[in-house]
Structures are given as structure tokens and as C-alpha cells.
Amino acid sequence: MSNTAAPEKILDIRGLDISFRTNAGTVHAIRGVNLDLCRGETVAIVGESGSGKSVTMKAAMGLLDSNATVNAGEILYTYTDEAGTKQTVDLLKLPKKTLRQQFNGQRIAMVFQDPMTSLDPTMTIGKQIMEGMFLHKHMDKQAAKARALELLELVGIPDAEKRFRNYPHQLSGGMRQRVVIAVALSADPDVLICDEPTTALDVTIQAKILELIMKIQKEMKLSVIYITHDLGVVAKVADYVNVMYAGKIVEVGNVNEIFYEPLHPYTWGLLSAMPDLDTDDDRLYSIPGSPPNLLHEPKGDAFAARNQFALVIDEKAEPPLFQVTPTHFAATWLLHPDAPKIEMPPELKARLERAKKEADKYL
Amino acid sequence: MSEPLLKVENLKQYFPVSRTFTVKAVNGVSFEIYPGETYGLVGESGSGKTTIGRSVIRLYNPTDGKIIFNGQDITGRMGSAARQMLRKEMQMIFQDPMASLNPRKKVADIIGEGLDIHGRASSRQDRADQISEMLKKVGLSPEHAARYPHQFSGGQRQRVGIARALIMNPRLVIADECISALDVSIQAQVVNLMKDIQEETGCAYLFIAHDLSMVKYISDRIGVLHLGYMVESGTKEEIFSNPVHPYTRSLLSAIPHPNPEVEKRRRSVSYDYASSGIDYARGTEHLVSGTHKVLATDDEFASWT
């Protein structure tokens, strides 16, 4: 989607490091995350629960819980202000009030996982969509209503005029998620963060919602960040993929690089663990063990304990991000020039070959 | 083929909400499960798949229809022998392992409860032995027996749920969305475990899920449910290679493939019951081939195939 020569960076997260104080001790949840988002692009963050993917985005929204401490890092956000000049701010340094009044919802909006809990059950959906317009755009009621009806139609809700006066409980799950998207779009944001937008929905509705977000993205030139653990969703929507594990990004690349030439053993594991419709092996590959507890800082590579390809050095030192192509990076010692040559598991290799062949048919 | 282990005939399950309104959750569903096989039930939320599982194990009293399990009718009033047999031979694994394990009981007592009720342990030592053997079988260590559910991770908790279901050595296990609450990498572990156990003990599974790729992976035969009707059923090859019903087609087209080039160009087939003009109540079962059946009227069947 990036057709311009130099895509303009809109969100730039550098060296983000966050820890949480808990009764059991300090949990070091984010350990140096870098992430870029350019205008009009879609970036996906993939990882297991507890890998820190939601926390990263919550930091950008200023929604961190009160027991969180940002130890280091910056989240640079570039936007054009009302006067038309370009501005870059560090979202972590802004006072909470400014963030709430000028950025959240207005420039950076979020779609949450469960549409039942993110909508107010006591307000009609029309009111909820207009709320952002009153607060951020200071629209009058008539203009707001017209815009709200427009948005309802945009997100594919038939009979918008009638639905406008409905309460959330009167709608089905898929419709509710559409309303949540309409609410998020109400103040014309630049960036849309979707936190597991379809996990609570059925497959058929999931496909519809994803196609809807893609269509709106094109129409409104939005930049979208998806947080998900579903690689199928990622393949459908993303331009760039960040694979996250134990508070670190372990592999970054464009979507074809991640799906056709994955380099990190964790990515291999994730791809193998998800059966595609042609999988008929006797056993499904599974990543052994469970994610590390970040209460105790892992020594060396956090994935080493679950990694069948782990080298001795993995237990001693953390691997840096090795660059493979201009866009593809992976943090694994296997890419070090001195490392033994280790290939991905043969089953996965066969499957990726199959996937590539299938893809060639479309090219 | 041998005798079916479970035979469900024309099962109906209605829930009266008020005097004028009744939710018809399951509308005349029939299927059979043979010993040692895995039957997958798929469908969107509200299609009645969980209700069927719960009716079969008699957590609900079926409104109409017949359920024959292990050669005995388990609908209507059951004698104590039939009840004993049902409670021992059929077990269930629930969706959310945190909600289905008693937080105030130790794992040993959660797993051992069935043994206590049915008097299957001859002594304390025997009970402890059976429990630790079961824990080993599901990939936990015997020391875990003294812990409480909250001290486990999600995947481990689901293993406890599986151990509880399997300690009675059941012939049929109903797995109701038992992997959907787990992470992708953990899902594969649990599915492998279920397959291993099936090989070892020869139990049958009724696998209820909405994740079609996982259902295809684990099941031998599949039934597709929509709005309380079984719209299509057959072996997994029949369903996946030749889907006939438009709902099945839309369901299959909606599965995201982990293949970006293909996925970006593909559009899902949409299916809307209200506007499709199909009335499930008028449909009858049509045989496509082998065991592949589809619910349709004669005209619909002719136009779909």
C-alpha cells in the first residue's frame, strides 16, 4: 500500500521498556521494543498472551495501569496540527490530560476485543458514536447525527436511522463490533489500533469485520495496528509483522518474509502449530513448555528453554536483531555468521513450499 | 461397521422463555458416534452445538428425540443402573478451565472425585496411585496433585480438566470448545495429548468447536450446525473437498489461511439465512455420496449439486 517513495513515519516506538509492580515482585513486561508505523500501512503484532503486545499499545494510548512504570523509551507520534504544520511529540512525556483531550480518540483510536464490554449498555449506539464528535470536533447536534448515520452506513449496518436509537444489547456480536469501529472512527483518527478485534467473533463474521476494516482503511487512509495471536488474520490484513515473545520483538519483516521465509525458531513454532487445511501429519507440531514468567528476568534468550534449536550461547547472552533483508530482522543466534547452519523443521518447510506454490497461482 | 456407541435421533431441545416465546435451540438433529472415533460439531455461536453436547450428557432434559448410548436409552427417566453407566462412561471437558475447576479443592481431589463417588478406589493408596498415574498421562507430574488450580497455567489447567474426565476411563468424552481459550502454541499441545489418549484408551470424542482447521485436523467425521439444524454431515474429506450447503461453503471460505498472497486476494463467500430464501424446516436429508448428507428440499438439492 506504500506507493510513495519515502513512506512517512507516523508512529515510532524506540526502546520501550515497561515494568509492573505486583505483590510477587516486579514484572519486566516490555524489554526494549522498537516499532515503526508508516502512513497508510498495516502493522501486526503477533504473540502469545503475556508476551506484551497489548501493553505496548496501551502505552501509546496512555492507558497503562497505575502499577506500571515506563523505565525507558519513547513513542514518537507525527501529525499535522490544525494550522497545517507538522509536529512530532513523545506520547510518553505528554501530561495525561493533554493526551486525553487531543490525542486519544481524536488522532489515535482503539478497537477493543470484546464489543459487549467496550460499549456503554445504558446509552444508545447513536449517542456513543456522537460523543467523540461533540468532545473533539465541537460539532453541533445535527451535523454530528448526519455524520453518525454516515458512519453506521460505512461500517455496513443496514437501516442506520433505526439502529441509531438501539441499545448495544439489541444488536448481535458482529453488529456490536461494527458499532465499536464506528465509534473509533467518529473523530477521524490517523491511527487505528485493533486489539484482537475478532477474537470474540465467529469465523464468518470475523472475515466480514476484517474486510470492513481493510475497506475503511483504504477509504480514509488510516494506519492500522493489529494486535492478535491469529496468524490467519495477520496473513489477511498485514503489510508488516512483528513477532513478540516475552516482552521483546523477536522477528520483524514484511508479511511475505514472515510467512514464506521465517527465520526465528519461535516463528517456526507458531506457524507449525497452526494446522492449515492441508495438514494431515499424525501429530501437530507444538512448542514445548510455556512462556517464561517475567517475574524472573530470563538470562540469555528468553525462548531458549523452549527452543529445540537452542545453541549454548542462547543461555548466556541475548541475541541482537540480525538484519537479513532491508525489511527483515530476527533476533536469534542462528543468524550469526559463526552459528551452525540450522534449517527450519522439514514439515514446516514442506508446508511453506506448498503455500508458495499456491500463492504463485495468484501472481 | 460396528454398533454405534452413541446414537442421537431427531434430538430437539427447546427452552421456554415465556408463555409465548420458546427458544428452539436444537431442531431435530441426528448423528451417530462409533467407538474410538472423533466426531466434530461445528457452527457459529448460537447454532446449538454446545446445547447438543449438554443434552447428550443429560445436563438438560431433551424435549424430544432419542439418545441411545452404549445400547441403553438415556432419554426420559433413567433407572439407577442407566444413570450410573452414563455418569461413568460419558465425561465432559469444558471450555474455560478456570471456571470449571473448583478453586477451593486440590487437584488430587478434583481428579479423584469420580473415584470417590463411584467407589472405584480400594484404598487411599490405590486412589493416590490412580491419580498420580493419570497426572503423568496428561503430562503433569504427580507432585502437582497437592496444588490448587490457580497455581497452574492455562494449558496445565486444561490438562487437569482432561485428567478429571479420563480417570473414569470413559468411552465417550464430550470436549466442548476445550481449546478455544488457550494460546495457539498450547492448543497444539492439548490436541496432541487428546490424540495420544485416544490411541491408548480407545475412547471416542465429541469435539465441539468453531475453529474449523483444528476440527478438520482432529475429527474423523464432521457435522455442520446452523440455527439448530444439522445442515451437512459426512467424513471430513467429504465435507472439506465437496461442501454442498451454502452455509458450509461460506464457513469454509471464511477460514483464514496463513498464506498472505492467497489471503489478500481471497474474499469470503457470504451467506445470509434470512435473504437466502432457504427454509431449514422444509428441508429433508439428502444423500450426496457415501455418508455425506445435506439438509435441503428437492429443488435446492438439485441446484446445489
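Residues numbered from 1 in each chain as written. Chains lettered and ligands numbered in written order. Predicted model: local features only at pLDDT ≥ 70, side-chain atom pairs only at ≥ 80, totals over all residues.

A. Looking closely at the overall build of chain B. Across its full length, chain B holds 13 helices and twelve strands. In terms of overall dimensions, chain B is globule-like: its C-alpha atoms have a radius of gyration of 20 Å, near the 19 Å expected for 305 residues. When the backbone C-alpha atoms are referred to their principal axes, chain B occupies close to 65 × 55 × 45 Å. Here chain B holds 305 residues, and the buried ones make up 46% of them. (Helix = DSSP H or I, 4+ residues; strand = E, 2+ residues; numbered from the N terminus. Rg over C-alpha atoms; globule rule 2.2 N^0.38 Å. Buried ≥ 20, exposed ≤ 12 C-beta atoms within 10 Å, placed from the backbone.)

B. Spotlight on the overall build of chain A. When helices and strands are counted, chain A shows twelve helices and twelve strands. For a compact globule of 363 residues, the expected C-alpha radius of gyration is about 21 Å, and chain A comes in at 21 Å, within 12% of that figure. Reported as C-alpha extents along the three principal axes, the dimensions of chain A are approximately 70 × 45 × 45 Å. A burial count over chain A gives 47% of its 363 residues as buried. Contacts in chain A between residues at least 24 apart in sequence constitute 65% of all its contacts with a sequence separation of at least 6. (Contact = placed C-beta atoms within 7 Å.)

C. Main features of the pairing of strand 10 (residues 229-235) of chain B. Residues and elements named next belong to chain B. Counting buried residues along strand 10, six of its seven residues qualify, which places the element largely inside the surrounding structure. With six bridges joining them, strand 9 (residues 221-226) and strand 10 adopt antiparallel strand pairing. Looking at strand 10, one finds that Arg221 is bridged to Thr235. Here strand 9 hands over to strand 10 after two residues, with Leu227 in that stretch at a positive phi of 50°. Sheet topology places strand 10 next to strand 12 (residues 292-296); two bridges connect them, and they run antiparallel. (Pairing = 2+ DSSP bridges.)

D. Structural context of the interface of chain B and chain A. Counting residues at the interface gives 35 residues for chain B and 38 residues for chain A. Elements represented by at least two residues in the side of chain B that touches chain A include exactly helix 7 (184-201), helix 8 (212-218), helix 10 (246-253) and helix 11 (260-265) of chain B. Among the elements that take part in the side of chain B that touches chain A, helix 7 of chain B stands out by supplying seven residues, more than any other. Across the side of chain B that touches chain A, the residue classes break down as 15 nonpolar, twelve polar and eight charged. (Nonpolar A, V, L, I, M, F, W, Y, C, P; charged D, E, K, R; others polar.)

E. Spotlight on the sheet that holds strand 3 (residues 42-46) of chain A. Spatial strand order, 6-7-8-3-9-10-12-11 (chain A): eight strands in an open sheet with mixed pairing. Bordering the open sheet on either side are strand 6 (108-111) and strand 11 (322-323) of chain A, each of which pairs with just one other strand.

F. Spatial organisation of the sheet that holds strand 4 (residues 68-80) of chain A. Residues and elements named next belong to chain A. If you trace the four strands from one edge of the open sheet to the other, you get 2-1-4-5, paired in antiparallel fashion. Lying at the two open borders of the sheet, with one neighbouring strand each, are strand 2 (25-38) and strand 5 (86-90). Each strand axis lies, on average, 10° off the axis of its neighbour in the sheet, ignoring direction. Where strand 1 (residues 9-22) and strand 2 come together, ten bridges link them in antiparallel fashion. Along strand 2, the bridge assignment pairs Ile18 with Ile30. Across the sheet, helix 1 (residues 53-61) is in contact with strand 1, strand 2 and strand 4; its angle to strand 1 comes to roughly 110°. (Axes fitted to C-alpha atoms, helices over the stretch in contact; angles between N-to-C directions.)

G. View of the packing of helix 4 (residues 107-118) of chain B against helix 5 (residues 124-137) of chain B. Residue and element names in this part refer to chain B. The interhelical angle for the contact between helix 4 and helix 5, taken along N-to-C directions, is 115°, at an axis separation of 10 Å. Classified by chirality, the crossing of helix 5 by helix 4 is right-handed. Within the contact between the two elements, helix 4 uses Ala108, Ile111, Gly112 and Leu115 and helix 5 uses Arg127, Gln130, Ile131 and Met134. Residue composition of the contact of helix 4 with helix 5, grouped by class: five nonpolar, two polar and one charged. (Left-handed = near helix turned anticlockwise from the far one by under 90°.)

H. Region of interest: the nonpolar core. Grouped together as the largest cluster of nonpolar side chains are 180 residues, with contacts concentrated most on Ile225, Tyr226 and Val234 of chain A together with Leu172 and Leu206 of chain B. A total of eight residues in this core trace back to one element, the largest contributor, which is helix 7 (residues 173-185) of chain A. Residue contacts for Ile225 of chain A: discarding those within four places in its chain leaves Leu37, Val43, Ile45, Met57, Val191, Ile193 and Cys194 of chain A. (Core = buried A, V, L, I, M, F, W, Y, C linked by C-beta atoms within 7 Å.)

I. Representation of the domain arrangement of chain A in the model. Residues and elements named next belong to chain A. Assigned domains within chain A: domain 1 (1-107 + 193-204 + 222-363) and domain 2 (115-188). For domain 1 and domain 2, the distance between their C-alpha centroids amounts to 31 Å. Counting from both sides, the interface comprises five residues of domain 1 and, opposite them, seven residues of domain 2. Here the residues of the side of domain 1 that touches domain 2 are counted per class, giving three nonpolar, two polar and no charged. (Domains from an automatic or database assignment.)

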